[in-house]
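Coordinate analysis (summary)
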Amino acid sequence: MSTHIARGRIPVTAVETHYPTGADVPYLVEARHVKKYFPIQKGLLNRVVGHVRAVDDVSFGIRPGETFGLVGESGCGKSTLARVILRLQGASGGEVFYEGRDVLKMSGSEVRRLRREMQIIFQDPFGSLNPRFLVRDIIAEPLRVHERMSAKERDERVVELMRLVGLDASRRNRYPHEFSGGQRQRVGIARAIALSPKFVVADEAVSALDVSVQSQVLNLLMKLQRDLGLTYLFIAHGLNVVRHISNRVGVMYLGKMVEVAETDELFRQPLHPYTAALLSAIPRPELNRKRERIVLAGDVPSPANPPSGCRFHTRCPFAQARCREEEPGLREMGSGRVVACHTPLQ
Ligand SMILES: Nc1ncnc2c1ncn2[C@@H]1O[C@H](COP(=O)(O)OP(=O)(O)OP(=O)(O)O)[C@@H](O)[C@H]1O
Ligand code: SF4
Ligand SMILES: [Mg+2]
């Protein structure tokens, strides 16, 4: 399906599937109460002495054709959440729906089919591309695994894909090290779209690139989204990178989703103190002084032993006694905004 979907407008009619799950919003991808705990083992017998609660009861949905930005400090669980959604990793609990089907319950053959529809672009173009393979073979690999094609057809598809991502196809018989960082990321993108997926996770896809190259790659991702009708989960540490590409943004802190909002709304008026603190790190003259003073102090606590109550209370300038004891649930704030705070900012 090729659709032209403008940023900021999300046509729900783009979904053709029915959602037997009872979800009232027709999400393409939906996580419900997803948990991923990693056991901490000690001693000769590898006794389990605790768990890293990397993702701890996260629910959110991604609409077809939109870019959902996912932000939060290092270690808050962004990549783990994405890997669970793609079923590259099992979950400790919860459900993940893709077009209404529970990804976590799929059989081996269903997962194989899912691999065509969901793809990932990684942060480090060097690390994720095999340096001993020609660029041609790197891009063609998913085609070799999933498509029955002759060598000639595969080569034609590689040429087409390289053109789509703005690479000179005559360089397909070269190695990744002969390409610049931005070009290598384009190779990673060409490989990710080779099977015409519907859903693409970009995990820190531009974080390692220079700012000018970053914006070129972001523009490419947006163009491909328009031309191919892609839906993105776009992961980054900071809000400034997600701002220009995302329709909506989810903010994670220590394994929890603490706020979800339309991008413009989130930047205009963050409701969670942590979101406000992330925004304070970006120089923004339009913000009032009170909000600019929210600066994050201290280190992120360990997800193996998260603080009681609200996990942000050890760093929150607005924390009260209640915050130490009672965990705030996600609250609907109107027009699809949700926030997990006892006293959201006004
Ligand atoms: N395979 C694993 N085994 C044990 N712990 C893990 C594993 N993978 C991730 N973790 C832990 O889970 C937590 C979340 O990690 P994750 O990589 O998802 O964070 P992130 O938000 O993507 O961070 P970054 O921005 O640095 O990429 C971290 O504490 C990490 O150490
Ligand atoms: S619940 Fe309390 S500690 Fe948590 S973000 Fe809100 S005010 Fe801060
Ligand atoms: Mg990560």
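Everything quoted here is computed from the prediction, not taken from an experiment.

Here we come to the overall build of the protein chain. Looking only at helices and strands, the protein chain features 12 helices and 12 strands. Taken over 346 residues, the protein chain has a buried fraction of 51%. The long-range fraction of contacts in the protein chain, counting pairs at least 24 apart against all pairs at least 6 apart in sequence, stands at 64%. On the protein chain, roughly 16400 Å² of surface is accessible, and the fraction owed to carbon and sulfur atoms is 49%.

Attention shifts here to the packing of helix α4 (residues 135-146) against helix α5 (residues 151-164). It is the contact of α4 with α5, at a shortest axis distance of 10 Å, that shows an interaxial angle of 115°. If you check the angle between α4 and α5, you find them roughly perpendicular. In the crossing of α4 with α5, the sense of the turn from one axis to the other is right-handed. Along its contact with α4, which presents Val135, Arg136, Ile139, Ala140, Leu143 and Arg144, the element α5 presents Arg154, Asp155, Arg157, Val158, Leu161 and Met162. A breakdown of the residues in the contact of α4 with α5 according to their chemical character gives seven nonpolar, no polar and five charged.

Packing of helix α6 (residues 181-193) against helix α7 (residues 211-228) brings their axes to within 10 Å, and their N-to-C directions diverge by 20°. It follows that α6 is roughly parallel to α7 by the angle criterion. The crossing of α6 and α7 is right-handed. Judged by residue contacts, Gly182, Gln185, Arg186, Ile189 and Ile193 of α6 engage Val213, Gln216, Val217, Leu220, Leu221, Leu224 and Leu228 from α7.

So, on to the site of ligand 1. Taken together, 14 residues sit near ligand 1, with Ser74, Gly75, Lys78, Ser79 and Thr80 positioned nearest. For ligand 1, an oxygen atom lies 2.5 Å from a polar atom in the side chain of threonine 80. In isolation ligand 1 exposes 630 Å². Once the protein is present, 63% of that is buried. Looking at the shell around ligand 1, the elements with two or more residues in it are β2 (47-62) and α1 (78-85). When the residues that make up the shell around ligand 1 are grouped by side-chain class, the tally is five nonpolar, six polar and three charged.

Right, let's talk about empty space enclosed by the protein for a bit. As enumerated under the stated definition, the model contains one cavity of 30 Å³ or more in all. A volume near 80 Å³ is recorded for the largest cavity.

With six of eight residues buried, α1 lies mostly within the body of the structure. Within α1, the full set of buried residues consists of Lys78, Thr80, Leu81, Ala82, Val84 and Ile85. In the segment just after α1, arginine 87 is the residue with positive phi, at about 55°.

The rules we used
Residues numbered from 1 in each chain as written. Chains lettered and ligands numbered in written order. Predicted model: local features only at pLDDT ≥ 70, side-chain atom pairs only at ≥ 80, totals over all residues. Heavy atoms only, no water. Helix = DSSP H or I, 4+ residues; strand = E, 2+ residues; numbered from the N terminus. Buried < 20%, exposed > 50% of the residue type's maximum accessible area, 1.4 Å probe, protein only. Contact = heavy atoms within 4.5 Å. Areas by Shrake-Rupley, 256 points an atom, 1.4 Å probe, with all protein chains shown as cover. Axes fitted to C-alpha atoms, helices over the stretch in contact; angles between N-to-C directions. Parallel < 35°, antiparallel > 145°, perpendicular 65-115°, else oblique. Left-handed = near helix turned anticlockwise from the far one by under 90°. Nonpolar A, V, L, I, M, F, W, Y, C, P; charged D, E, K, R; others polar. Near = heavy atom within 4 Å. Polar contact = N/O pair within 3.5 Å; in protein donor to acceptor, adjacent residues only side chain to side chain. 1 Å grid on protein atoms, 1.4 Å probe; cavity = no way out; pocket = protein on both sides within 12 Å on 5 of 7 lines; lining within 4 Å. Points joined across faces, edges and corners; volume = space filled by probe spheres on them.

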